[in-house]
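A structural walkthrough
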Amino acid sequence: MGYWQQRAVTDVGNEMLNDLMAGRKLTICGAWGGTERAAEDALAGLTDVCGERHQLGLLGLEKAPEGKMVRVQINNVGIEQGYTLNQIGVYAKLDDEPELFILQDERGVDIPSVTENPSFALEVQGLIYITNDVEIKISLEGSKAMVTPAMLAQLLADHNADPQAHPGLTMAIKQ
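In short, a report on the structure. Quantities reported herein were computed from a predicted structural model and do not represent experimental measurements. (Residues numbered from 1 in each chain as written. Predicted model: local features only at pLDDT ≥ 70, side-chain atom pairs only at ≥ 80, totals over all residues. Heavy atoms only, no water.)

Within the chain one finds three helices and eight strands. Seen in sequence order, the chain has helices and strands lined up from the N terminus as β-α-β-β-β-β-β-β-β-α-α. Taking the contacts inside the chain whose residues are at least 6 apart along the sequence as the reference set, 76% of them involve residues at least 24 apart. As displayed, the chain has an accessible area near 10100 Å², and 50% of this comes from carbon and sulfur atoms. (Helix = DSSP H or I, 4+ residues; strand = E, 2+ residues; numbered from the N terminus. Contact = heavy atoms within 4.5 Å. Areas by Shrake-Rupley, 256 points an atom, 1.4 Å probe, with all protein chains shown as cover.)

Below you can see the structure in the form of structure tokens.
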């Protein structure tokens, strides 16, 4: 049994996606975790995660063949007491509408305190199935995400592979 098998685009999220298809712009602005669960058939009616809320980090938004992939990081930065994470809510703004989708795990994921594991981080990816090329933006301002060694290594590898990364050095070498 895999994690995060229970999921739903909420009723509010479906309305937002319908407006998005009509040409409006959507901005994903945050991710929050909840410590409680709801009945699986009630997920679509939620307007917030259940239980104690914990801010999660947004890592980015990528195009995927089936739609858009939202990357969320779960970490324990500033967490003095561990908790069990049962829900992940990704929030967006289309005017003042609050929410896009919720993921829920039946067992929950134990998040240790920062003293138990100072570098705890895991990434969850949520796919939004959208058939046409609509514009979705993501705001990383205020994101609680932290850079992991694997993320840094990938960023450096991508940077080093980019022929346009150091135009001054390239010009100096050519001269």
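Considering all chains together, one arrives at three salt bridges under this definition. Across the salt bridge formed by Glu-123 and Arg-71, the nearest N and O atoms sit 2.7 Å from each other. On the criterion of sequence distance, the pair formed by Glu-123 in strand E7 (residues 121-129) and Arg-71 in strand E4 (residues 67-75) is long-range, its members being 52 residues apart. Accessibility expressed as a relative area gives 17% for Arg-71, which makes it buried. Among the ionic contacts, a cluster of salt bridges with common partners joins Glu-62, Arg-71 and Glu-123. (Salt bridge = Lys/Arg side-chain N within 4 Å of Asp/Glu carboxyl O. Buried < 20%, exposed > 50% of the residue type's maximum accessible area, 1.4 Å probe, protein only.)

Strand residues, when the strand is regular, have side chains that alternate between the two faces of the sheet. In the sheet, strand E2 (residues 26-34) pairs with strand E5 (residues 83-93) via seven bridges, with the strands oriented antiparallel. When the sheet's bridge partners are listed, Gly-33 is paired in E5 with Ile-88. As judged from the four bridges shared by E2 and strand E3 (residues 53-64), these two strands associate in the antiparallel manner. Paired with Gly-34 across the strands is Arg-53, a residue of E3. (Pairing = 2+ DSSP bridges.)

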